[in-house]
Amino acid sequence: MSVLLEPTVDLPRLRKILDELGHAARVDTIRGWDRKTQAVLYEAVKGFQSLSLDDFVPASATPLQEVIHHGKNTLPSFSHFQKRFCKPNDAANHELLGYNHQNLMWATGPGYFVVHPSETDGEVDIDYLRIPSEKPSSWPPLRGNENGFASLVYGGMVDVMRGVSQHVSIGRARKKGKFIDNWFVLCREDPSVA
């Protein structure tokens, strides 16, 4: 895939290839993207492919039906994780609910969040400042992000997401209103591919 990213990013070709790959190959591809690749790609896709809440949880999903996104971040260790999303019971509530499923959850907590359209058209915010009021029964207990180790990881944070392809999105963390040099990429697993 690096041939599509250097010397300039060929976004239409990258999107086409990602859309044609199967789920496992898409996950393998995104897990190969390092910090430099993710930083370049995040800037390149600004305004390229509009994101909506349906890109995270398809319209066909029922309320509280879990949709898993496999992720790779730019941290030096523990870089593989999942973000798990669902619709709330109230369909009129144009938001999604979710949490971070990862190996250090015992220390950091589940990192619950609410997902909503960003102030920038075509982008979506994963907002750790807001905690869902409901969740699927299989998810861990609801817990805030402002105490203990969770506050260092999720406190004051909003991830700003941009679209790459039908299943792939990329985000950058914003803490206390300022972007920080942490990026991550997500690959949605279609609910029927369990």
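Here the structure is a predicted model, which is why all the values come from computation and not from measurement. (Residues numbered from 1 in each chain as written. Predicted model: local features only at pLDDT ≥ 70, side-chain atom pairs only at ≥ 80, totals over all residues. Heavy atoms only, no water.)

This brings us to the overall build of the chain. Check the secondary structure of the chain and you find five helices and eight strands. For the chain, the C-alpha radius of gyration of 16 Å lies close to 16 Å, the compact-globule estimate for 194 residues. Expressed along its principal axes, the backbone C-alpha trace of the chain runs to roughly 45 × 35 × 30 Å. Taken over 194 residues, the chain has a buried fraction of 49%. In the chain, of all internal contacts separated by at least 6 residues, the share reaching a separation of at least 24 is 55%. The averaged location of the 23 negative side-chain charges in the chain is 5 Å from the averaged location of its 22 positive side-chain charges. (Helix = DSSP H or I, 4+ residues; strand = E, 2+ residues; numbered from the N terminus. Rg over C-alpha atoms; globule rule 2.2 N^0.38 Å. Buried < 20%, exposed > 50% of the residue type's maximum accessible area, 1.4 Å probe, protein only. Contact = heavy atoms within 4.5 Å. Lys, Arg positive; Asp, Glu negative; His and termini not counted. Charge placed at Lys NZ, Arg CZ, Asp CG, Glu CD.)

The next thing to look at is the packing of aromatic side chains. For the structure on display, the rule yields eight aromatic pairs. The interplanar angle of 40° and the centroid separation of 5.6 Å between the aromatic rings of Y99 and Y112 together place this pair among those described as tilted. Separated by 13 residues along the polypeptide, Y99 in strand β3 (residues 96-101) and Y112 in the loop between α4 (105-108) and β4 (113-117) bring together distant segments of the chain. With respect to class, Y99 is no different from Y112; both count as buried. Joined through ring pairs, the aromatic side chains of F56, F85, F113, Y128 and Y154 make up one cluster. Sitting over the face of the ring of F184, K83 holds its NZ or CZ atom 5.1 Å from the ring centroid. If you follow R174 out to its NZ or CZ, it ends over the ring of F179, 5.8 Å from the centre. (Phe/Tyr/Trp six-rings, centres within 6.5 Å; stacked < 30°, edge-to-face > 60°. Lys NZ or Arg CZ within 6 Å of the ring centre and 35° of its normal.)

What follows covers the nonpolar core. Core analysis: the biggest nonpolar cluster contains 21 residues, and F56, F85, V115, V124, I126, M161 and L186 have the highest contact counts within it. Beyond its immediate stretch of four places on either side in the chain, I126 contacts K83, F85, F113, V114, V115, M157, V158, D159 and M161. In terms of nonpolar packing, the next biggest core, distinct from the first, is built from 16 residues, V27, L41, V45 and V185 among them. (Core = buried A, V, L, I, M, F, W, Y, C linked by side-chain atoms within 4.5 Å.)

On to the environment of D55, then. Residue position: D55 is located in the loop between α3 (35-44) and β1 (67-73). Between the C-alpha atoms of D55 and T37, which are 18 residues apart in sequence, the distance is 22 Å. In this structure the side chain of D55 is engaged in a polar contact, spanning 2.8 Å, whose partner is the backbone nitrogen of S52. (Polar contact = N/O pair within 3.5 Å; in protein donor to acceptor, adjacent residues only side chain to side chain.)

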